[in-house]
Structure formats: structure tokens, C-alpha cells
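Observations on the three-dimensional arrangement
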Amino acid sequence: MENPKTIQIETKALNVAIHNNQVLKNIDIQIPAKQLTAIIGPSGCGKTTLLKSFNRLLEIQDGIKIEGEIVVDGINIMSSGLNVPDIRKKMGLISQKPYPLPMSIFENVAYGLRIHHDKNQKELAEAVQNCLQEVGLWSEVKDRLHDPASRLSVGQQQRLCLARAIAVQPEVILCDEPTSALDPIAAQQIEKLLLKLKKDFTVILVTHTLRQAKRVADHVIFLYFGKVVEQGTAAEFFNNPKNPETKAYLAGEIS
């Protein structure tokens, strides 16, 4: 019998309200380690809210009320007294639109390394090169590392943001519709990268595109009106959905 997958993140009775509007309702999910989990569902169903609860970024907004547990590596990160920056260091976040820092290509990747790791200039240069190679960007930028990152194409900027995220060696990469602002070729590059990165990281992908989830996901969580309707392996979810709402969503009857 196959060994059960290690669970990296688990939520227990997670409820999130924003300005008294209940966005997430009793969320109980398990996210396996070193796999790509897709969170899918119609617009406004709570996908991004769930994603940003994992690194406690929700709390920087006003009017947020969170109840329940978010367990990461066996520790409830909602417990008082924990160091929130340490939690966030475990989680790299990639947004819909790439947000390179207003500095050079090199410094974008080196930024987190300077804060979290004590490296000399040679070690820093090697680490930056390794990260840029990992995201397939090195050959495109190696001769202009000190140019502003803003000069890169949008697709290159998103890969740079991925390089910046993995530089500090997180455990989890949180991706909030990371290909929605990209052309099809750049989007395909990001998808391939995420599939490659899951060998070293747990990848969680919010996507509104069913085709994308089918292409890349190992595990799927389907949200509808702030509730988990169905979750499980991608093969089981797409080939043998159990819930009528899931079947309707997959058939395009719910959008």
C-alpha cells in the first residue's frame, strides 16, 4: 500500500470575515507536501483570501476576523506569540501581476538573501545565478544584471519574482493566478517552472482556469461561496467528481 503523503498545511474550522462579510466558512483542508495543489472556483468564492491566510498576510488589512486553526508543519500558526516574519519566510508569494522591486535584476534576487542569510559577495553572486538559472532566466539576463528590473518583459518579471521568492529557501510557494497577466508563451513558461519547482517546494496555485488546473495539479480544492465543496487528487476530482456542484462547475454550468 502506498505511503500517505506528508501534509504540509492543514486548516481546521477556518473562518474569515472581512468587514462582517463571511468570506470563508468552516474550511477544513489538507495540502500535501511537495505537490502542486490548485485552489479553484468561481470569482469571489474566497480563493485568494484562503491563500493569503497561509502566510498571515490577511491581518495587515482592516476589518479582518479570523477563527480556527492553520497548521503548518504541525504548528498552529494562528497561535499567539509566534514570530510572524518567520512564518512568512516559509511562504513565497507570487501575485497576479509581477511586482519587481525598484532596483536592479541582481538586487531583486539578492534582496532577501542579504536580509536572511549571511553571505559574502562571491556567495551572493553564486546564489543569485543559481536562482536565475532555476527559473530559466539566467541566459536572458546574465549580461545586464545591473539593469533595472522594470526593463524586463512582464513574463520575465514574473520569473524574476519567482527567483526572488525561492532565493530565501521557503518551504511553500503561494501563487495567486500568476499567469493571468501573461501572454500564452510566458504563461506556459511559468506553468513548466511550477511543475519543476514542486520537487523542492510545496506549490499552491489559485487559478480561475480549469484547463490550467487539469494540466498542472496533483491535488485540487474546489471552493464555492466560501465553502469547500470537494477536495482530493486531481485524477479523482476531474475524472470522478462526487458533488453535484463540482459536476456543474466542471461542465461549465457554474462560472
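Look above for the structure.
A quick note: this is a predicted structure, and the numbers were derived from the prediction, not measured.

**Thoughts on the pairing of strand 3 (residues 36-40)**
Counted residue by residue, strand 3 has 5 buried out of 5 residues, so it is predominantly covered. Where strand 3 and strand 8 (residues 202-206) come together, 4 bridges link them in parallel fashion. Paired with T37 across the two strands is I204, which belongs to strand 8. By the bridge criterion, 4 bridges tie strand 3 to strand 9 (residues 219-224) in an arrangement that is parallel. Within strand 9, the residue paired with T37 across the bridge is H219.

**Here we look at the packing of aromatic side chains**
As enumerated under the stated definition, the model contains 5 aromatic pairs in all. Seen in terms of ring centroids, F222 and Y224 are 6.3 Å apart; in terms of plane orientation they differ by 25 degrees. Their pairing is stacked. Taking relative accessible area as the criterion, F222 reaches 0% and is therefore assigned buried. When the ring of F222 is compared with that of Y249, the centres are 4.8 Å apart and the planes differ by 20 degrees; the resulting orientation is stacked. Here F222 is found in strand 9, whereas its partner Y249 is found in helix 10 (residues 244-250), with 27 residues between them in sequence. For the residue pair F222 and Y249, the accessibility class agrees, reading buried in each case. Three or more aromatic residues joined by ring pairs form one cluster here, namely F222, Y224, F225, F237, F238 and Y249.

**Some details on the sheet that holds strand 8**
Spatially, the 6 strands line up as an open sheet ordered 6-7-8-3-9-10, and their pairing is mixed. Two strands lie at the open edges of the sheet, namely strand 6 (91-94) and strand 10 (227-233), each paired on one side alone. Strand-to-strand twist across the sheet, computed as the mean angle between neighbouring axes with direction ignored, equals 15 degrees.

**A look at the sheet that holds strand 5 (residues 75-76)**
Spatial strand order, 2-1-4-5: 4 strands in an open sheet with antiparallel pairing. At either end of the open sheet lies a strand with only one pairing partner, and these are strand 2 (21-32) and strand 5. With 8 bridges connecting them, strand 1 (residues 7-18) and strand 2 associate as antiparallel partners. Bridge pairing in strand 2 links T11 to I29.

**Description of the state of the cysteines**
Enumeration according to the criterion identifies 0 disulfides in this entry. Not part of a disulfide, C45 finds its nearest cysteine sulfur in C175, a span of 17 Å. In this structure C131 is a free cysteine whose sulfur lies 13 Å from that of C161, the closest cysteine sulfur available. Judged by its relative accessible area of 10%, C131 falls in the buried class.

**Some remarks on the pattern of salt bridges**
Per the counting criterion, the structure on display carries 13 salt bridges. With a closest N to O distance of 2.9 Å, D73 and K90 form a salt bridge. Highlighted residues: D73 in the loop between strand 4 (64-72) and strand 5 and K90 in the loop between helix 2 (84-89) and strand 6, separated in sequence by 17 residues. Taken together, the salt bridges that share partners define one network made up of D73, K90 and E171.

**Things to note about the side chain of T179**
Positionally, T179 belongs in the loop between strand 7 (172-176) and helix 7 (184-197). Given the relative accessible area of 12%, T179 is considered buried. Contact partners of T179, with chain neighbours within four places excluded, come to A187, I190 and Q212.

Procedures and definitions
- Residues numbered from 1 in each chain as written.
- Predicted model: local features only at pLDDT ≥ 70, side-chain atom pairs only at ≥ 80, totals over all residues.
- Heavy atoms only, no water.
- Buried < 20%, exposed > 50% of the residue type's maximum accessible area, 1.4 Å probe, protein only.
- Helix = DSSP H or I, 4+ residues; strand = E, 2+ residues; numbered from the N terminus.
- Pairing = 2+ DSSP bridges.
- Phe/Tyr/Trp six-rings, centres within 6.5 Å; stacked < 30°, edge-to-face > 60°.
- Axes fitted to C-alpha atoms, helices over the stretch in contact; angles between N-to-C directions.
- Disulfide = S-S within 2.5 Å.
- Salt bridge = Lys/Arg side-chain N within 4 Å of Asp/Glu carboxyl O.
- Contact = heavy atoms within 4.5 Å.

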